[in-house]
Each structure stands twice: as C-alpha cells, then as structure tokens.
Amino acid sequence: MTRPGLPRIDLGQINSVVRLEMKKILFARRGIWIYVLALLPLVLFTAYDFQASREQARRRQIANQSQRPLTYQDLLTVKSGMTNQEVIALLGRPALNFHWREQRAQGPDSFTDVAHERYHYSDGSNDLFVELSDGKVTDANIQTGNSLGEDSIVFASVFQFFYLRLAIFFGCLGIFMNLFRGEILDKSLHFYFLSPIRREALMIGKFLAGLLATCAIFLTSEFLQIAVFLWHFSPTVRDLYLYHNHGLEDSAAYLGVTALACLGYGAFFLVAGMLFRNPILPAAAILIWEAVNPFLPTLLKQFSIIYYLKSLCPVNIPSPPGTPPLLSLLISNSDPVAAPVAILGVFIMATLALYVSSLQVRRMEINYTSE
Amino acid sequence: MNDQILFENVSKFYGEILGVNRVNLSIPRGITSLVGPNGSGKTTLMNLMTGLIRPTRGRIQVLGCRTDEPEKLFRILGYSTQFDSFPKGLTGYQFIYSYLRVGGRDSQDAEQLAWQAIERVNLAEAATRKIAGYSKGMRQRIRLAQALCHDPRVLVLDEPLNGLDPLARSEMIALFRAAAEQGCHVIISSHILHEVDMISDQVVLLSTGYVVAEGQIQSVRQEILEHPAQILIRCNRPRDLAAKMMESGHTIEVRIHNDERGLLIKTRDADGFYLMLNQMAVNGIDIESVAPADDDVNSVYEYLIGNEEVVR
Ligand SMILES: Nc1ncnc2c1ncn2[C@@H]1O[C@H](COP(=O)(O)OP(=O)(O)OP(=O)(O)O)[C@@H](O)[C@H]1O
Ligand SMILES: [Mg+2]
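Quick look at the structure, then. Here the residue numbering is sequential within each chain, running from 1 through the sequence in written order. All chains are assigned letters beginning with A, and all ligands numbers beginning with 1, in the order in which they are written. Owing to the predicted nature of the model, reporting of local features is limited to residues with pLDDT of at least 70; listing and counting of side-chain atom pairs is limited to 80 or more, with chain, interface and lining totals taken over all residues. As a rule here, side-chain values come from all non-hydrogen atoms in the structure, and water together with hydrogens is ignored.

**Side note on the overall build of chain B**
Inference 1: Counting from the N terminus, the helices are the DSSP runs of H or I reaching at least four residues and the strands are the DSSP runs of E reaching at least two. Helix and strand counts for chain B stand at eleven helices and 14 strands.
Inference 2: Using a 1.4 Å probe on the protein chains alone, a residue whose accessible area is under 20% of its type maximum counts as buried, one over 50% counts as exposed, and one in between counts as partly exposed. Put simply, chain B has 312 residues, and 54% of those count as buried.
Inference 3: Partitioning the contacts of chain B with sequence separation of at least 6, the portion at a separation of at least 24 is 65%.
Inference 4: Per element, the accessible surface of chain B, about 13800 Å² overall, is 47% carbon and sulfur. The contact rule is simple, with two residues in contact once any of their heavy atoms fall within 4.5 Å. Accessible surface area values rest on a Shrake-Rupley calculation with a 1.4 Å probe, where residue burial reflects the displayed protein chains alone.

**Quick word on the interface of chain B and chain A**
Inference 1: Between chain B and chain A, the residue contacts involve 29 residues of the former and 28 residues of the latter.
Inference 2: What gets called buried area is simply the loss in accessible area from a 1.4 Å probe that two parts show on being joined, summed for both. Across the chain B/chain A interface, buried area totals approximately 2700 Å², and carbon plus sulfur atoms make up 61% of it.
Inference 3: When the area that chain B buries against chain A is broken down by residue, the three leading residues are Leu-52, Tyr-99 and Val-102 of chain B, summing to 23%.
Inference 4: Basic side-chain nitrogens of Lys or Arg form a salt bridge, by our definition, when they fall within 4 Å of a carboxyl oxygen of Asp or Glu. Counting across the interface, chain B meets chain A through four salt bridges.
Inference 5: Between Arg-198 of chain A and Glu-71 of chain B there is a salt bridge, and its shortest N-O distance comes to 3.8 Å.
Inference 6: We call two N or O atoms a polar contact when they sit within 3.5 Å, provided that within protein one can donate a hydrogen and the other can accept it, with sequence-adjacent residues counted only if both atoms are side-chain atoms. Across the chain B-chain A interface, the total number found is twelve residue pairs in polar contact (both at pLDDT 80 or more).
Inference 7: When contributions to the side of chain B that touches chain A are tallied by element, the ones reaching two or more residues are helix H2 (70–76) and helix H3 (92–102) of chain B.

**Describing helix H11 (residues 280–291) of chain A**
All names here are of chain A.
Inference 1: Here H11 contains twelve residues, and its C-alpha end-to-end distance of 16 Å stays within 8% of the 16 Å for a straight helix at 1.5 Å per residue.
Inference 2: Taken residue by residue, H11 has Pro-282, Ala-283, Ile-286 and Glu-290 as its buried positions. Each buried residue of H11 sits inside an arc of 100 degrees when the element is viewed along its axis, so together they form one side. Those residues of H11 that are exposed and angled more than 90 degrees off the buried face are Ile-280, Leu-281 and Ile-288.
Inference 3: Packed against the buried residues of H11 are helix H5 (148–176), helix H10 (247–275) and helix H13 (306–312). A helix is expected to reach a length of 1.5 Å times the quantity of its residues less one. An arc is given here, and it is the one of the directions from the helix axis to the C-beta atoms.

**Considerations on the environment of Leu-148 of chain A**
Residues and elements named next belong to chain A.
Inference 1: Topologically, Leu-148 is positioned in helix H5.
Inference 2: Between the alpha carbons of Leu-148 and Leu-91 there is a distance of 26 Å; along the sequence they are 57 residues apart.
Inference 3: Setting aside residues up to four positions removed in sequence, Leu-148 forms contacts with Phe-229, Leu-230, Phe-233, Val-237 and Tyr-241.

**A short note on empty space enclosed by the protein**
Inference 1: Here a cavity denotes a set of grid points, spaced 1 Å apart and computed over the protein atoms alone, in which a 1.4 Å probe fits but from which it cannot get out, and a pocket denotes an open set meeting protein on both sides within 12 Å along at least five of seven lines; residues with an atom within 4 Å of a point are reported as lining. Grid points are joined across faces, edges and corners, and a volume is the space filled by probe spheres set on the points. Here the structure, examined in full by the defined rule, presents five cavities of 30 Å³ or more.
Inference 2: In this structure, the largest cavity encloses a volume near 140 Å³.
Inference 3: Lining the largest cavity are 14 residues, and of these Arg-199 and Arg-362 of chain A together with Gly-51, Thr-67 and Asp-68 of chain B sit closest to its centre.
Inference 4: Charged residues are taken to be Asp, Glu, Lys and Arg, nonpolar residues to be Ala, Val, Leu, Ile, Met, Phe, Trp, Tyr, Cys and Pro, and polar residues to be all remaining types, Gly included. The residue inventory of the lining of the largest cavity, partitioned by class, reads seven nonpolar, three polar and four charged.

**Some points on the site of ligand 1**
Inference 1: We call a residue near a given molecule or strand whenever any one of its heavy atoms falls within 4 Å of it. The immediate surroundings of ligand 1 are formed by 17 residues, with Asn-367 of chain A together with Gly-39, Lys-42, Thr-43 and Thr-44 of chain B found nearest.
Inference 2: At the site occupied by ligand 1, the surrounding residues belong to chains A and B.
Inference 3: A distance of 3.5 Å separates an oxygen atom of ligand 1 from a polar backbone atom of Leu-18 of chain B.
Inference 4: Within the backbone of Gly-39 of chain B, one N or O atom sits 2.7 Å away from an oxygen atom of ligand 1.
Inference 5: The fraction of the free accessible surface of ligand 1 (630 Å²) that becomes covered by protein chains is 74%.
Inference 6: For the shell around ligand 1, the secondary-structure elements that each account for two or more residues are strand S2 (17–27) and helix H1 (42–49) of chain B.
Inference 7: Of the residues belonging to the shell around ligand 1, the class tally is four nonpolar, eleven polar and two charged.

**Notes on the pairing of strand S8 (residues 185–190) of chain B**
Residues and elements named next belong to chain B.
Inference 1: Counting buried residues in S8 gives six out of six residues, a clear majority hidden from the surface.
Inference 2: Of the two faces of S8, the one carrying His-185, Ile-187 and Ser-189 and the one carrying Val-186, Ile-188 and Ser-190 are both buried.
Inference 3: Note on pairing: two strands pair once DSSP finds at least 2 bridges between them. In the sheet, strand S3 (residues 30–35) pairs with S8 via six bridges, with the strands oriented parallel. Note on S8: the bridge partner recorded for Leu-34 is Ser-189.
Inference 4: Pairing between strand S7 (residues 154–157) and S8: four bridges, direction parallel. Each residue of the ladder has a partner; that of Val-154, found in S8, is His-185.
Inference 5: When the strands point away from the viewer, a crossover counts as right-handed if the path from the first strand over the helix to the second runs clockwise. Once you follow S7 into helix H6 (residues 166–181) and on to S8, the crossover reads as right-handed.

Structure representation (structure tokens):
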C-alpha cells in the first residue's frame, strides 16, 4: 500500500477535483457579478455597433440620393473659396441642402442680406459638409465614418484598461481567492483534507478548475467582443483587416493575453487567498502593485503580471497630445519585452506562485472558528 | 507497534489557548471512547490524529502512518467530524460518491461503495435528496456513511450518537461493535460517560486539555478514586463560603453552582474539611446539605465537570 519513493500525483484524482470545483464555480450565486464584468464590454460594443450601423445606413442613403456615386477622393476636391457652381460641377447636386438668410448690420440703419447654404455629401462611408455664404465656400468639413484603424484603438483601450486590468483582474480575484477561502467559510474544506489525495494534487485540481472556468468565461466574452467589433464593417473591409492587416494575429493575441491573464492573476490570487484570511488587503495590494508598475524600476517590474501582458497586447495605444507625462507613462508601453520573454515571464510568475501555494497547502489547518 | 495509534508527548496550542497538553497515548484495537466535558480537547485530539491540525509539539502515528500524508493515511482511516456542514448543492449520494472519486476510486467502484455505505447507515430512501433538506440525525448518518464508505481500519467519530433517536443509536452502536470485532480501531468521543461506558473497550478521560485517566473502564474508575474527594454543599451564601474555604487551604478547587445556592468542593483532606465546615455553620452560613459527590456510576464524570452538565 505504501509505495517507496515519490508517490505520483494521480491525474484521475485531479480530474475529479476539477469536476467538482467547476460545478461550484460556474453556478455559484455569489459569482454572478463576474459574468456581469465579463459581459460588460460586449454590451458596450454591441451598443456601439448598433449605433455605427445606423450611421452607416444614413450615409449610404445620402450617397444613393446624390446625382452620381462619389469617392473619398471626390470629397477632398472641395476647397474654401470655390463657388457653388464649381462645387456642383465637381460633385453634382447635393442630396441634402439647407439654406437660410441672415440680415447682417452694416451701419446704424443699413442691413445686408447674406445667403447661407450647407451641402451634405457622402461617399457612403464619410460625410462632407460644405458651408457656403453668398455662393462662396467658407468651409469644407469632412467627417470620416468609423474606420477600422480608429475603432481598433478604441478596442485596444477597452481591452487594456477595462477588460485586462479590471474585469479579468477582479474576476480572477473572485474565483481564485475563493477556491480555499470559500470552502473555509462554508466549512466544507475538511472533506477534501480527509480524502486520500495529496494536498498538492488538491491545490492543482482547484487551480485548474479556476483556470478552466475563468478561461471559459473571459475567452468566450473576448471572442464575442472581437466578433461584434468587426460586425458592422463591410465584408471587404473585414477581410482586408483580418487577412492583410494582421487582424487575425491581433485577435489571436487578444485571446492569448486573456488566457495568460487568467493564468497569471489566477496563480497570484490563489496564493494570496491561502496566505491571508482577509482578502481585501492582499487584493488592494496587488491592485496597487499592478497599477504603479510603469513607475517602478525594471527589476521590480518583472515581478508583476501586467508588465508582461502589456508587452503582448497587439495594438499600441497612442497617448493623445497634451496628456500629462505621468498619464502617458501609464498608457504607453515604455520598455516592452519580446513576446516569447513575456509569455515565459507569465509562466514563471505563475509557477512561483503555485510553488508557494503548494508549500502553503501542506501547512494548512482546519480552523473554521477564527474567521 | 504498527497496529496502534500513538501520541508521544503531544501538545496543541491555538495561539495562547491550550487545546491539549502533553498527551501520551497508545490506542489499541477495539472501541476507545474519548470522554470529557465541552472544551476538554476531544475534538482537538481527533483533529490531530487525522492531520486536520498539526501538533505544536510531539509526534503522532496512526498504525505506522504519519498524519501529514493524507494520501496514505486516509486509505486506512475514516473521520466523521463534529462540523455539521456540507458542500453546497449535493445529494447524500452525490456527496459520498464525489469524495470517493476525489480519493481515486473509479466511477463503478465509487458508485458501489457509496450505496453500500448509505445502506449501512439506513439512509437509502433519502440518499437522492439534497443534504440541505436533511434532519440533524440524517446529517449525522450521512457523515458516518462518508467516514466508513471506504472500509477503513481506523474509524474516528466525533460525537457520532449526537442527534440520533434511540433506535438509530442502538443500530449505530451495533455497527461500531461489528467494526471493532473485525479488528478495527473505533474511536468515539462523547461527553456523556454512561452513554459509552457500556460499549467501550477502553476509555480516555480528558479534562481541560489533559488526559486525566486512561485504560479499561474499571481501572479508570479505580484511578478516579485516588483523586481528590468531591463534596457537594447546598447553602444560602455559597460565595462567602467559597472564599473562606479557599482561605483555609483545605480545598484545591471550588465551583459555585449556577443557581447560586450550592457549591462543589474538591479536597485532599476530607476530615479536616468537615471539621472546618462545622465552624462555618457556627459563623452564620446556613448549610442545607452536605453530600459526597463520588459515589455512583457517574462519579468519574462528575468529578470532571460538576453536576450541571450531566443531564442532557
Ligand atoms: N480553532 C480554535 N481556536 C482557538 N481555540 C480552540 C480552537 N479549537 C478548540 N479550541 C480550544 O481548545 C480547547 C479544546 O477544544 P475541543 O474542541 O477540542 O473540545 P471538545 O472536547 O471537543 O469540546 P466539545 O465537547 O464542545 O466538542 C477548548 O478550550 C477550545 O476553546
Ligand atoms: Mg468537540
């Protein structure tokens, strides 16, 4: 019955723990907010999508109503100082045309009438508003529709600043910190400790269950977010982006970063939940540690998760001009590491955390009373 | 030595609080009862034996197994704890089945063992219902089933008769006896001595974290007789009397009764004590009755805990 040497860890046992735990995690009532966090960007993008589609339809309608089909190049030809005849010669009659008259005072008793006009053209994706007074163009204003380039920066910002730093962070906190703590609160941990299973195997099983659950939740949401993000673009734009503008690679990177985040934060919070009775303090400490990461010296930076994840994010977010230097440091990625190094970094951090957990789980005692 | 449960100079402190102190025990096969009042360290001893807590000092071995290797220990040991809580959302059957799977049994094996155990504790008809809806006695029985489902050689049961009706009690006792007769170690805790003294092969008496007596039931009683005499006094001003008693140096412990109309006194010098008591009466304390408290079967127990907790 007692085998000499290192007893092997039984995969079947780990599998049983994973199953038991998965059920608990996915259907826990106290975990509903995690789904809300995960789905929030999806709701946001869907609303944006809906709005963008309506805009799109409106532009297309205007484009269809104009005398002849226009291109973006055509819209660029209108310049200030042109006459209305010249504009119409270039672009045809505008689909929408407002005009009004203004009485402008010239002296104490004399007024002149100024005729104002506004022409609205569209090439189907962009708007051109031409302002004319007295038959002369005073302003030609192009409003570009949502381009994939700009949208993908919005997407990247939402991913980095909401999804990664808040949704996945707190989702992992909720799930991984409760793997042991939740069972201590429920007073049911001893049933595991009374089973013929190595404590380390139990810990691994619980961790894997957490990882599978968080990956299932956050990868699904991320996948849907990408789908929704691309939805309102025309198939040609979409294909161009996916196959020629590393759209596919970017999407894969987002999914990969999501999975790595679950792994890294999961291991962090697992060990935090075992080392501390009160989850608030370690959670706050980790949150602050990750937030101040850009301001730390490189040596310390390496002991975090966000440092590596940030380097792996596919789209760089440019800080808008005039951003205070402190903030732009937060946004920009000052010293990125190469992708393989970053991936390895997350794995090393996770392994470190799991190693500490394995020591801790062996030392754990059942002591429900002092909660 | 490989068929004994050994405690070698074991102490457990919860921070400052004493759990058990300097326990030396070797528990042989058969039914062993841990008896003592609330807080005397029964659960602590059982948790130590099963590795749920680690000793502050000392060493524990269960049939040659260390207690910090659950993967080996729980192939031979089953423990039904005092915690009346269960993982959420499981039926009685699922509960037993799941933890058998965690313990490494394949699904067929686990299913069979689970049903066997459920039948042994007479819970077959409730087994497919959620544990959340069980009565206290049913929860006690499903825990028992969980402890014995893998046919362990050592059964550790913390107050296993608590909450059971008389019929269930005798069924469970029969079950313990059967296990003991097959050569198992059955360790039962109770704070009611006469509940277990008929069925136990040996008794370990605990008081405030110390093993005060150990062995077969008769020899334990003998041992108790050599302990200080206890005298129960009913009177009108027990606190004044207690203060005088402590001053006089004849007594080693005084307990005031809850109703403030009596006190329990321990003394090693009974004669000197009675002499002094007469003087007290002269000094205006109205003494209703004086009775030695060590005469009947419960004396061992009363010695440990005083009167008020005997009746449950
Ligand atoms: N987790 C804990 N933290 C602090 N003190 C504890 C803890 N568990 C037990 N104790 C203390 O250790 C002593 C022994 O407690 P234990 O639970 O072993 O008693 P018991 O004999 O099982 O009592 P009961 O009959 O009430 O079950 C008590 O003084 C108790 O207060
Ligand atoms: Mg107890």
